[in-house]
Amino acid sequence: MYKALSPMGLPIQRAILSLQILQFAYISISYFMSTFQNDFPILGALFTHDLSTACTNTGCWQSMVPFPASLYCSMMLLCVFALFFRPGRELRLIFVFLASTQIFMGIVRLFVVPAHFYPEGAAMQASTIQFVIGSILLGASLLPYKEQD
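Residues numbered from 1 in each chain as written. Predicted model: local features only at pLDDT ≥ 70, side-chain atom pairs only at ≥ 80, totals over all residues. Heavy atoms only, no water.

### Things to note about the packing of aromatic side chains
Throughout the structure, instances matching the rule amount to five aromatic pairs. Residues phenylalanine 47 and tyrosine 118 carry aromatic rings whose centres are separated by 5.1 Å and whose planes lie at 20° to one another, so their mutual orientation is stacked. Highlighted residues: phenylalanine 47 in the loop between α2 (41-46) and α3 (49-58) and tyrosine 118 in the loop between α6 (89-111) and α7 (122-141), separated in sequence by 71 residues. Neither residue differs from the other here; phenylalanine 47 and tyrosine 118 are each classed as buried. Ring-pair connections join several aromatic residues into one group, and the members of that group are Phe40, Phe47, Trp61 and Tyr118. (Phe/Tyr/Trp six-rings, centres within 6.5 Å; stacked < 30°, edge-to-face > 60°. Helix = DSSP H or I, 4+ residues; strand = E, 2+ residues; numbered from the N terminus. Buried < 20%, exposed > 50% of the residue type's maximum accessible area, 1.4 Å probe, protein only.)

### Some details on empty space enclosed by the protein
This structure, assessed with the given rule, holds one cavity of 30 Å³ or more. Within this model, the largest cavity holds a volume of roughly 30 Å³. Along its surface, the largest cavity is lined by Ser30, Tyr31, Ser34, Phe40, Ile42 and Leu43. Contributions of two or more residues to the lining of the largest cavity are made by α1 (9-37) and α2. It is α1 that provides the largest number of residues to the lining of the largest cavity, a total of three residues. (1 Å grid on protein atoms, 1.4 Å probe; cavity = no way out; pocket = protein on both sides within 12 Å on 5 of 7 lines; lining within 4 Å. Points joined across faces, edges and corners; volume = space filled by probe spheres on them.)

### Focus on α3
Buried residues of α3: Ser52, Cys55 and Thr56, and no others. Buried positions in α3, seen along its axis, are confined to an arc of 100° and lie on one side of it. Exposed side chains of α3 directed beyond 90 degrees from the buried face belong to Asp50, Asn57 and Thr58. Where α3 is buried, its residues meet α2 and α4 (60-64). Just beyond α3, the residue with positive phi is glycine 59, at close to 85°. (Arc of directions from axis to C-beta. Contact = heavy atoms within 4.5 Å.)

### Thoughts on the nonpolar core
One finds Leu17, Tyr31, Leu43, Trp61, Leu91, Phe95 and Leu98 to be the most contacted residues of the largest nonpolar core, which totals 33 residues. Looking at this core, the elements with two or more residues in it are α1, α2, α5 (66-82), α6 and α7. Ranked by residue count, the leading element in this core is α1, at seven residues. With sequence-adjacent residues up to four places away left out, leucine 43 is seen in contact with Tyr31, Ser52, Trp61 and Val65. (Core = buried A, V, L, I, M, F, W, Y, C linked by side-chain atoms within 4.5 Å.)

### Structural notes on the layout of surface pockets
Space inside the largest pocket adds up to approximately 1,000 Å³. Taken together, 30 residues make up the lining of the largest pocket; nearest its centre are Tyr31, Leu43, Leu46, Tyr72 and Arg109. With six residues, the single largest contributor to the lining of the largest pocket is α7. Along the lines of polarity and charge, the residues of the lining of the largest pocket split into 25 nonpolar, four polar and one charged. (Nonpolar A, V, L, I, M, F, W, Y, C, P; charged D, E, K, R; others polar.)

Any functional reading would require information beyond the geometric quantities listed.
Here's what the structure looks like:
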């Protein structure tokens, strides 16, 4: 079964990288547009209404959100570059990096940020999505390549 995947290893990885590019582009563009408009629908849906309103009204979001937006832009660019990597260790390391980023953000949301900042179930839902994406990325890092037959 593992060897049977080898002709598809690199195309599957490139498809997953393309999806990551879309995800990071969506988040970074949304964050930048939110900053310009001082309206943060993604963060408003994640955090409690009181916290979100206070951060919007005080300018807290506007002062902080451009930094994670630029981080997402950088990760998007890394994924674009990775599309041109040859199969091998470097490409696998990109997948491990992307997976660890998703998984660590989910862990931080659940175990570091105080739970009262989130509406009931919002932190678990967002973290679960990141754990699933991280698991897919880790699985993709293990795909065989045709050259390794």
